[in-house]
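Structural description and commentary
What follows is the residue order along each chain.
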Amino acid sequence: MVGEVIRVKEVSSGGRRYLGLEVNLPGSPPLVLLVGETGFAMCGFLDVSAAEKKGAVAVKIPGVSSVEELLEKEIAEATSKAEAKGLRKGVRLKDVLDHL
């Protein structure tokens, strides 16, 4: 592979730290993931129904190519556990990050 494949980014907000990952994939947009204390946010590669079956606190934000974009865009889908924590469709992730 040519170039950087994985970028690890730390995001701090409200005294909490989050782990961000950007993975370049061949012939595809990057996989973007942000992991919090109790759940995670992911780009369009997330299968919300699979995350729901596993009981995960997870949200899907498609159409992003970086952790920074993930934070600025609105949640498109969420598991029931994520919704119970305030991570709901139509809300910008940055505004509810402390629930992740």
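See the structure shown above.
Summary of the structure given here. Computed from a predicted model, the values in this text were never measured in an experiment.

1. Re the overall build of the protein chain
Across its full length, the protein chain carries 3 helices and 6 strands. Computed over C-alpha atoms, the radius of gyration of the protein chain comes to 13 Å, within 12% of the 13 Å expected from 2.2 N^0.38 for 100 residues, which places it in the range of a compact globule. When its C-alpha atoms are laid out on the principal axes, the protein chain stretches across 40 × 30 × 20 Å. Contacts spanning at least 24 positions in sequence make up 33% of the contacts within the protein chain whose residues lie at least 6 apart. For the protein chain, the accessible surface area stands at approximately 5600 Å², while carbon and sulfur atoms represent 53% of it. Charge-centre separation for the protein chain: the mean point of 14 positive side chains lies 4 Å from the mean point of 14 negative side chains.

2. What to know about a nonpolar patch on the surface
Where nonpolar side chains cluster on the molecular surface, the patch consists of Ile6, Val8, Leu19 and Val35 and spans about 330 Å² of accessible area. Position of valine 8 among the secondary structure elements: in strand E1 (residues 6–13).

3. Remarks on the nonpolar core
Ranked by size, the top nonpolar core spans 28 residues in total, and within it Leu34, Val59, Leu70, Leu87, Leu93 and Leu97 carry the most contacts. Secondary-structure elements contributing two or more residues to this core are strand E3 (31–35), strand E4 (40–42), helix H1 (48–53), strand E5 (58–60) and helix H2 (67–72).

Definitions and cut-offs
- Counting starts from 1 at the beginning of each chain's written sequence and moves along it residue by residue.
- It should be noted that, the model being predicted, local features are given only for residues of pLDDT at least 70 and side-chain atom pairs only at 80 or more, the latter also being counted only at that level, while totals for whole chains, interfaces and linings use all residues.
- Hydrogens and water are ignored here; the side-chain numbers use all heavy atoms of the structure.
- Here a helix means four or more residues in a row that DSSP labels H or I, a strand means two or more in a row labelled E, and each is numbered from the N terminus.
- For this measure, only C-alpha atoms enter the radius of gyration; the expected value for a globule follows 2.2 Å times N^0.38, where N is the number of residues.
- Residues are treated as being in contact if the distance between any of their heavy atoms lies within 4.5 Å.
- For accessible areas, the Shrake-Rupley method is used with a probe of radius 1.4 Å. Any residue's cover is judged against the shown protein chains and nothing else.
- Charged residues are defined narrowly, with Lys and Arg counted positive, Asp and Glu counted negative, and His plus the chain ends left uncounted.
- In this description, the location of a charge corresponds to atom NZ of lysine, CZ of arginine, CG of aspartate or CD of glutamate.
- Think of a patch as exposed residues, more than 30% relative accessible area, with no salt bridge, where like charges cluster within 9 Å and nonpolar side chains (Val, Leu, Ile, Met, Phe, Trp, Tyr) cluster within 5 Å.
- The term salt bridge refers to a pairing of a side-chain nitrogen on Lys or Arg with a carboxyl oxygen on Asp or Glu at a separation within 4 Å.
- Each nonpolar core is a collection of buried residues, namely Ala, Val, Leu, Ile, Met, Phe, Trp, Tyr and Cys, held together in the definition by side-chain atoms within 4.5 Å.
- For each residue, the accessible area found with a 1.4 Å probe, counting protein chains only, is set against the maximum for its type, and the residue is called buried under 20%, exposed over 50%, and partly exposed in between.

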